[in-house]
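Survey of secondary and tertiary structure
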Amino acid sequence: MAGAVVAPALATPARSAPRRPTAGSDPARMALVTADLDGFVAVVDVERRRVARRVATLDGPRSIEARAGAGALIGHASQGAVTLLGGSPLGVRKVLKGFAQPRYAAIAPSGRHAFVTDSGNGELAVVDLRRGRVVHRLEVGAGARHLTLDRLGRTLWIALGSTAATLVVVDAGDPLAPRVVRRIRPPFGAHDVAFSPSGRRVWVTGGRAPRLALYRAGGQRPVAVLAADAAPQHVTFGPHAAYVASGEGRVLNVHALADGGVRHRARTPLGSYNVARGAGVVLTPSLRSGELTVLDATGGVRWSLRVADAAHDACVV
C-alpha cells in the first residue's frame, strides 16, 4: 500500500459568482462556513450555490462541527470561547466561556454531548449540548488539537499539536468520565486524525511530512504509510473513499478505502486546508481566497463560491 501513486490530471474548479444573501428559513441542505477574519458563519445554500445568509458570532470563528438534531459548535481559539448554534433558522444559542484555546470538536452519535480540545489547557472538555454547559474536563496533554470519534462514540484519538509527536487515545464510552487509555508515537509529526467509516482504521496526516499513516483502531504502529501531497493535510470520508486535502499543494486527493490508492485528484484554491463531507458533497474552504469549493463523491469539482475574506472550516447540516 505504501508509496507514491500515479495520478490523473488535475481538474480545474468551476466558479460561481456570489449572490446577495436572502432572509427566511434555512435551505434544506446547507453548508456552514466559518469566516474567521469577519466574525460570522456563512450559511450556504448547496442547491442554489449561494450564500443564503450570515450568522454573526464572536470574533475569530475557526473550527465548526455539526450533527443532525444537535446543532453546531464553533471554536473561537482567540476568544477562549465556544459558540453553540441551533434553532430554525440557525442562530447563536449560547456562548460558553472559560476555555483557553478551544480548537476542534466531535459530537457524540446521540447528539447529547460534544468533545472539545482545548490546546491552551491541554484538556478535553465535555459539553452537554442540551444544557449548554461544560460537564467534565480531562487532562490529555499540551497542545490538544485535532480529534476524531469512532462511529459508536466510544473511542477518541487526539493529536497533541499541529505537528504532534504524540497521539492520545481516550475511552469515551462514558462521556461524563472519559479516560486516557494509551499514547502513540507516530512515525512523523501528526496533524489530523480521522476514523474510517467502519471504525476499524484511523488515518493520520502529516504536519510537515508529505505522508499519511494508517492504523488499526486498536493498534500501536501503522499498518501502512502512504505518500501524500504537501503538509499539513486534512481528511474526511465517504462510504468507500477518503478525501485528503492539501492546502499548500492546491489539491484534494480521493483515496480508495480498500487499498489506500489515489483514484482521483482535483485542483483546489491555495489554502484549502480543511475538508468535510455530508449530503453527498465534499467541501473544502480556502483561508487564502475565502472560496468554498464543493465536489461530488468522486472528487469532481462542482462549483466554487467566494463566501468571505478567509474561509477556515466548513460542515454540512
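See the structure above.
A brief look at the structure comes next. Here the residue index of a chain counts from 1 through its sequence in written order. In view of the model being predicted, local features appear only for residues whose pLDDT reaches at least 70, and side-chain atom pairs are presented and counted only at 80 or more, with totals across whole chains, interfaces and linings using the full set of residues. The side-chain figures draw on all heavy atoms in the structure; neither hydrogens nor water molecules are used.

Take the sheet that holds strand 21 (residues 241-246) next. The strand order across the open sheet formed by four strands is 20-21-22-23, and the pairing between neighbours is antiparallel. One side of each edge strand has no neighbouring strand; the edge strands of this open sheet are strand 20 (233-237) and strand 23 (262-267). Each adjacent strand pair in this sheet contributes to an overall mean axis angle of 20°, direction not counted. Examined bridge by bridge, strand 21 and strand 22 (residues 251-256) share six bridges and lie antiparallel to one another. Paired strands, as defined in this entry, are two strands with at least two bridges between them according to DSSP. Strands here are runs of E lasting at least two residues and helices are runs of H or I lasting at least four, both read from the DSSP assignment and numbered beginning at the N terminus. All axes are obtained by fitting lines to C-alpha atoms, using only the stretch in contact for helices, and the reported angles, taken between N-to-C directions, cover 0 to 180 degrees.

Attention now moves to the packing of aromatic side chains. Each pair of aromatic rings is reported with the distance of its centres and the angle of its planes. Each aromatic pair joins two rings of Phe, Tyr and Trp (for Trp, the six-membered one) with centres within 6.5 Å, and gets the label stacked for planes under 30 degrees apart, edge-to-face for over 60, and tilted for any other angle. Overall, the coordinates contain three aromatic pairs when judged by the stated rule. Measuring from centroid to centroid gives 6.5 Å for Trp157 and Phe195, while their planes differ by 75°, and the two rings are edge-to-face. You can see Trp157 sitting in strand 13 (residues 155-160) and its partner Phe195 sitting in strand 16 (residues 190-195), a full 38 residues away along the chain. Assigned by exposure class, Trp157 and Phe195 land together as buried. Look at Trp157 and Tyr215: their rings are 5.5 Å apart centre to centre, the planes differ by 65°, and that puts the pair in the edge-to-face class. Of the two residues, Trp157 is situated in strand 13 and Tyr215 in strand 18 (residues 211-216); the sequence distance between them amounts to 58 residues. For the exposure calls, accessible area comes from a 1.4 Å probe over protein chains only, and a residue counts as buried if that area is under 20% of its type's maximum, exposed if over 50%, partly exposed in between.

Glancing now at the pairing of strand 20. Within strand 20, five of the five residues are buried, which leaves it mostly tucked inside the rest of the structure. Every second residue of strand 20 is oriented toward a common face, with Gln233, Val235 and Phe237 on one face and His234 and Thr236 on the other, all of them buried. Hairpin geometry of strand 20 and strand 21 is characterised by an intervening segment of three residues between the two adjacent antiparallel strands.

Moving on, we get to the sheet that holds strand 19 (residues 224-227). Hydrogen bonds along the backbone pair up the strands of a sheet, which may run parallel or antiparallel. An order of 16-17-18-19 is seen for the four strands of this open sheet, with the pairing classed as antiparallel. A single partner strand is all that each edge strand has here, and the edge strands are strand 16 and strand 19. If you compare each strand with its neighbour and ignore which way they point, the axes differ by 20° on average. Pairing of strand 16 with strand 17 (residues 201-206) involves four bridges; the strand directions are antiparallel. By the bridge assignment for strand 17, Phe195 is matched with Val202.

A separate point is empty space enclosed by the protein. Cavities and pockets are defined on a 1 Å grid built over the protein atoms alone: a cavity is a set of grid points where a 1.4 Å probe fits but cannot escape, while a pocket is an open set with protein on both sides within 12 Å along at least five of seven lines, and lining residues are those with an atom within 4 Å of any such point. Grid points are joined across faces, edges and corners, and a volume is the space filled by probe spheres set on the points. With the rule as written, the count across this model stands at one cavity of 30 Å³ or more. The calculated volume of the largest cavity comes to roughly 30 Å³. In this structure, the largest cavity is lined by Arg62, Ser63, Arg103, Tyr104 and His312. The residue makeup of the lining of the largest cavity, split by class, is one nonpolar, two polar and two charged. Three classes are used: nonpolar for Ala, Val, Leu, Ile, Met, Phe, Trp, Tyr, Cys and Pro, charged for Asp, Glu, Lys and Arg, and polar for all others, with Gly counted as polar.

Here the focus is the environment of Ala52. Here Ala52 lies in strand 3 (residues 50-56). For Ala52, a relative accessible area of 7% puts it in the buried group. Between the alpha carbons of Ala52 and Arg288 there is a distance of 22 Å; along the sequence they are 236 residues apart.

There is about 1,100 Å³ of room inside the largest pocket. Around the largest pocket, the lining is made up of 37 residues, and of these Glu65, Thr148, Leu149, Thr236 and Arg277 lie nearest the centre. Counting residues per element, the ones that place at least two in the lining of the largest pocket are strand 4 (63-67), strand 5 (71-76), strand 8 (102-107), strand 12 (144-149), strand 16, strand 20, strand 24 (276-278) and strand 28 (314-316). Take the lining of the largest pocket: its biggest share by element is five residues, from strand 4. Tallied by class, the residues present in the lining of the largest pocket amount to 22 nonpolar, eight polar and seven charged. When its volume is computed, the second largest pocket comes out at roughly 160 Å³. Along its surface, the second largest pocket is lined by Ser196, Pro197, Ser198, Arg200, Arg201, Trp203, Leu214, Pro239 and Leu257. Taken together, the residues of the lining of the second largest pocket sort by class into five nonpolar, two polar and two charged.

Going from Ser88 to Pro89, the amide bond is cis rather than trans, its omega being 0°. Looking at where Pro89 falls in the secondary structure, it is placed in the loop between strand 6 (81-86) and strand 7 (91-96). Of note, the bond from Ala231 into Pro232 is cis; its omega dihedral lies within 30 degrees of zero at -5°. With respect to the helices and strands, the residue Pro232 is situated in the loop between strand 19 and strand 20. Here Arg250, not a glycine, exhibits a phi torsion of approximately 60°, which is positive. Residue placement: Arg250 occurs in the loop between strand 21 and strand 22. For Ala279, which is not glycine, the phi dihedral falls at a positive 55°. Among the structural elements, Ala279 can be located in the loop between strand 24 and strand 25 (281-285).

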